[in-house]
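Results of the structural survey
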Amino acid sequence: QVQVVESGGGLVQAGGSLRLSCSASRSILSSVVIAWYRQAPGKERELVADLSSSGMTNYADSVKGRFTISRDNVKNTVDLQMNSLKPEDTAVYYCNVRKIYTNIQYWGQGTQVTVSS
């Protein structure tokens, strides 16, 4: 069964915005850290932002001030609001859910973000 699903990717011009959403099965959402990663062709997967159950956030330097990770309590998702997008942000973005006690991790299938110049 698919337990983590991303959505919201697409094509946008430089300077534009996108909002990605991560939904996860209720059974895995206790005591977790939810993170967004991205991977561009030829590069290693990198952490973009993460959010703990207590609400603490962490961002990669490359996206700090432009991206925001947050809970959407209406949709019951963890979203990544991406503003002032740059071509360098082009990548497949993945949601990761990590259980803090067992370190078991769940990955989504990824959503493509393409930023044109």
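Look above for the structure.
Along every chain, residues carry numbers that run from 1 in the direction the sequence is written. For a predicted model such as this one, the threshold for reporting local features is a pLDDT of at least 70, and the threshold for listing and counting side-chain atom pairs is 80 or more; totals across whole chains, interfaces and linings nevertheless cover every residue. The side-chain values count all of the structure's non-hydrogen atoms but skip hydrogen atoms and water molecules.

Observations concerning the overall build of the protein
Put simply, the rule is: Numbering of helices and strands runs from the N terminus; a helix is a DSSP stretch of H or I covering at least four residues, while a strand is a stretch of E covering at least two. Radius of gyration here uses only the C-alpha atoms, and the compact-globule reference equals 2.2 Å multiplied by the residue count raised to the power 0.38. The buried label applies to any residue whose accessible area, calculated with a 1.4 Å probe on protein chains only, is under 20% of its type's maximum; exposed applies above 50%, and partly exposed to all values in between. Any pair of residues with heavy atoms lying within 4.5 Å of one another is described as a contacting pair. Neither His nor the chain termini are counted; the positive set is Lys and Arg, and the negative set is Asp and Glu. Charged groups are reduced to one reference atom each: NZ for lysine, CZ for arginine, CG for aspartic acid, CD for glutamic acid.
What the protein contains, in helices and strands, is 0 helices and 11 strands. Here the C-alpha atoms of the protein give a radius of gyration of 14 Å, agreeing with the 13 Å that 2.2 N^0.38 yields for 117 residues. Per-residue burial over the protein gives 41% buried out of 117 residues. A sequence separation of at least 24 residues applies to 53% of the contacts in the protein between residues at least 6 apart. Here the protein contributes 12 positive and 9 negative side-chain charges, whose respective centroids are spaced 5 Å apart.

Regarding the nonpolar core
Heads up, the rule is: Definition of nonpolar core: a set of buried residues of the types Ala, Val, Leu, Ile, Met, Phe, Trp, Tyr and Cys, connected through side-chain atoms within 4.5 Å.
Core analysis: the biggest nonpolar cluster contains 29 residues, and Trp36, Val48, Phe67, Ile69, Leu80, Met82 and Tyr93 have the highest contact counts within it. At the level of secondary structure, the elements contributing two or more residues to this core comprise strand S3 (18–24), strand S4 (32–39), strand S5 (46–52), strand S7 (67–72), strand S8 (77–82), strand S9 (91–99) and strand S11 (111–116). Those residues in contact with Phe67 that lie beyond four places of it in its chain are Arg38, Val48, Tyr59, Leu80, Gln81, Met82, Asn83, Leu85, Asp89 and Tyr93.

Examining the layout of surface pockets
Heads up, the condition is: A cavity, in this analysis, means grid points on a 1 Å lattice covering only the protein atoms where a 1.4 Å probe fits yet has no way out; a pocket is instead an open set bounded by protein on both sides within 12 Å along at least five of seven lines, and a residue lines either one if it has an atom within 4 Å of a point. Grid points are joined across faces, edges and corners, and a volume is the space filled by probe spheres set on the points.
As a volume, the largest pocket reaches approximately 210 Å³. Together, 14 residues line the largest pocket, and Arg26, Leu29, Arg71, Asn76 and Val78 are the ones closest to its centre. It is S3 that contributes the most residues to the lining of the largest pocket, 3 residues altogether.

Here we look at the environment of Asp72
Take Asp72: it is sitting in strand S7. Note on Asp72: relative accessible area 17%, which makes it buried. The sequence separation of Asp72 and Tyr93 amounts to 21 residues, and the corresponding C-alpha distance is 18 Å. In this structure, Asp72 is in contact with Thr77 and Asp79, ignoring residues within four places of it in sequence.

Overview of unusual backbone geometry
Backbone geometry places Ser31, a non-glycine residue, at a positive phi of 50°. Along the chain, Ser31 falls in the loop between S3 and S4. Given a relative accessible area of 28%, Ser31 falls into the partly exposed group. Its identity as a non-glycine residue notwithstanding, Asn103 has a phi of 65°, on the positive side.

A closer look at the pattern of salt bridges
Heads up, the rule is: By definition, a salt bridge exists where a carboxyl oxygen of Asp or Glu is found within 4 Å of a side-chain nitrogen of Lys or Arg.
Going through the model one piece at a time under the given rule, you end up with 6 salt bridges. Notably, a salt bridge pairs Asp89 with Arg66, separated by 2.8 Å at the nearest N-O pair. In this pair, Asp89 sits in the loop between S8 and S9 while Arg66 sits in the loop between strand S6 (57–59) and S7, placing the two residues 23 residues apart along the sequence. Note on Arg66: relative accessible area 12%, which makes it buried. One salt bridge connects Asp79 with Lys75, and the closest N-O pair in it is separated by 3.9 Å. Among the residues examined, Lys75 registers a relative accessible area of 44% and is labelled partly exposed. Connected via shared salt-bridge partners are Arg38, Glu46, Arg66 and Asp89.

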